[in-house]
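Each chain is listed here by its residues.
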Amino acid sequence: MSLAIAHLGPAGTYSEQAASFYLNWLKTNQGTDATLSAYPTIVKSLQAVTTEQTQIAVVPVENSIEGSVSMTMDSLWQLDSLRIQQALVLPINHVLISCADSWDKIETVFSHPQALAQCQQWLAKFLPNANLIPSSSTTEALERIPQIPTTAAISSHRAAQLYNLPILASEINDYPENCTRFWVVAQASQEQELFTPTHTSLAFSTPANIPGALVKALEVFAHLGINLSRIESRPTKRSLGEYLFFLDIEAPVNSTLMASALAELTSCTEVLKIFGSYSVLTVSK
Ligand SMILES: O=C(O)C(=O)Cc1ccccc1
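Residues numbered from 1 in each chain as written. Predicted model: local features only at pLDDT ≥ 70, side-chain atom pairs only at ≥ 80, totals over all residues.

Another aspect to go through is the overall build of the chain. Across its full length, the chain carries 8 helices and 16 strands. By the compact-globule yardstick of 19 Å for 285 residues, the chain fits well, its C-alpha radius of gyration being 20 Å. If you line up the chain on its principal axes, its C-alpha atoms span 65 × 50 × 30 Å. Across the 285 residues in the chain, those meeting the buried criterion constitute 39%. Contacts in the chain between residues at least 24 apart in sequence constitute 75% of all its contacts with a sequence separation of at least 6. (Helix = DSSP H or I, 4+ residues; strand = E, 2+ residues; numbered from the N terminus. Rg over C-alpha atoms; globule rule 2.2 N^0.38 Å. Buried ≥ 20, exposed ≤ 12 C-beta atoms within 10 Å, placed from the backbone. Contact = placed C-beta atoms within 7 Å.)

What follows is the structure, given as structure tokens:
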């Protein structure tokens, strides 16, 4: 059977690179054939899985410089049927793509908000007067770059090759060790255990906005000696000042310790959703 993998498009995004790494991994390790399918937003690529247009989506979740991708967190909370099957960590090296003959001719720079943020110091130093325009992905503006030589885009080396466009500057991210974590997501009913899971991700709301409500939930993990690798809050969207808490936990969901933790957590949370248990594959440069 051939699998379809949804990712943020158009062709050449970092999400496509992560999806393509996973496609090759599936072929080599499982003999499974897969195809890639580009979607205009992260939310649409996740919805492609819930509506069964594709079996898998690969979505960015967290960047080492800019932090969480809120669209991914919010969608996982809303789309109940999705489960994380695998995490992938990819190095991210941005380049400046433009048909201008020198930097001083550039008036506008397009890119995904995460990429603009990851290069903000470089942009402030070398293109202080440029207008920075957010686009839906790092490759969305690339088709238009050749028509207007005063425009540029921040994208990957691979995207420049794919669209046959010149690179005016390389390695422009402010921190050289820039990495992004992606999640491979499938329908809960289609979940496959590829590796022994090492991490669990979940989110919860607290029963009341009272002192100690969050501490009580976090103490469950402290008492059992379970390490957390991320904690993030997002608005519930019900009323201002009410939050959901997202945790990444360094323990598999089926361990005895986690079974105790989840039983205790259920009693001190309002809604508790488990997004999945998975291992982390780090892709080298
Ligand atoms: O726009 C892309 O290429 C994406 O896949 C989102 C993104 C943007 C910046 C860093 C990592 C992922």
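On to the environment of Gln-187, then. Note on placement: Gln-187 falls in strand E11 (residues 179-187). Since 16 C-beta atoms lie within 10 Å of it, Gln-187 is described here as partly exposed. Counting along the chain gives 177 residues from Gln-187 to Pro-10, while the straight-line C-alpha distance between them is 24 Å. In this structure Gln-187 touches Val-49, Ser-81 and Leu-82, once residues within four positions along its chain are discounted.

A separate point is the site of the ligand. Around the ligand, the surrounding shell holds 13 residues, and the nearest of these are Thr-13, Ser-15, His-112, Ser-137 and Thr-138. Elements that contribute at least two residues to the shell around the ligand include exactly helix H1 (14-30), strand E3 (56-63) and helix H4 (113-118). The class makeup of the residues in the shell around the ligand is 5 nonpolar, 8 polar and no charged. No fewer than three residues from each of domain 1 (2-91 + 178-190) and domain 2 (94-169) sit in the shell around the ligand. (Near = placed C-beta within 6 Å. Nonpolar A, V, L, I, M, F, W, Y, C, P; charged D, E, K, R; others polar. Domains from an automatic or database assignment.)

The next subject is the sheet that holds strand E6 (residues 94-98). In space, the 5 strands of this open sheet follow the order E8-E7-E9-E6-E10, with mixed pairing throughout. One side of each edge strand has no neighbouring strand; the edge strands of this open sheet are strand E8 (131-134) and strand E10 (167-169). Adjacent strand axes in the sheet meet at a mean angle of 35°, parallel and antiparallel pairs treated alike. (Pairing = 2+ DSSP bridges. Axes fitted to C-alpha atoms, helices over the stretch in contact; angles between N-to-C directions.)

This next bit is on helix H8 (residues 256-268). For H8, spanning 13 residues, the distance from its first C-alpha to its last is 19 Å, which sits close to the expected 18 Å at 1.5 Å a residue. Every buried residue of H8 is listed here: Met-258, Ala-261 and Leu-265. Projected down its long axis, H8 carries its buried residues within an arc of 60°, all on one side. Facing away from the buried side of H8, by more than 90 degrees, are the exposed residues Thr-256, Ala-259, Ala-263, Thr-266 and Ser-267. Taken together, the buried residues of H8 touch strand E12 (199-205), helix H7 (213-224) and strand E15 (272-278). (Expected span 1.5 Å × (residues − 1). Arc of directions from axis to C-beta.)

Further remarks concern the nonpolar core. Ranked by internal contacts, the top residues of the largest apolar core, which has 47 residues, are Val-49, Ile-56, Ala-57, Val-58, Val-59 and Val-185. The residue makeup of this core includes at least three contributed by each of domain 1 (2-91 + 178-190) and domain 3 (199-279). If we skip the residues at most four places from it in the chain, Val-49 touches Ala-6, Thr-54, Gln-55, Ile-56, Ala-57, Leu-82, Val-185, Ala-186 and Gln-187. Of all hydrophobic cores here, the second largest spans 22 residues; its members include Ile-106, Phe-110, Leu-116 and Ala-141. (Core = buried A, V, L, I, M, F, W, Y, C linked by C-beta atoms within 7 Å.)

If you check UniProt for "domain: ACT" (unreviewed entry), the listed places come out as residues 202-279 in our numbering. With 32% helix and 33% strand, residues 202-279 has its two end C-alpha atoms placed 15 Å apart. (UniProt positions renumbered as here; feature names shortened; annotations may be inferred.)

For the rest of this paragraph, the subject is the pairing of strand E5 (residues 82-91). Taken across its 10 residues, E5 has 8 buried, putting it largely inside the fold. As paired strands, E5 and strand E16 (residues 280-282) are joined by 3 bridges and run parallel to one another. By the bridge assignment for E16, Ala-87 is matched with Val-280.

Feature annotation in UniProt places "domain: Prephenate dehydratase" (unreviewed entry) on residues 4-187, given in this structure's numbering. The distance separating the terminal C-alpha atoms of residues 4-187 is 13 Å; by composition the span is 29% helix and 34% strand.

The next subject is the domain arrangement of the chain. We note that the domain assignment places domain 1 (2-91 + 178-190), domain 2 (94-169) and domain 3 (199-279) within the chain. If you average the C-alpha positions of domain 1 and of domain 2, the two centres end up 25 Å apart. Each partner contributes to the interface: domain 1 provides 15 residues, whereas domain 2 provides 15 residues. Partitioning the side of domain 1 that touches domain 2 into residue classes produces 7 nonpolar, 7 polar and 1 charged.

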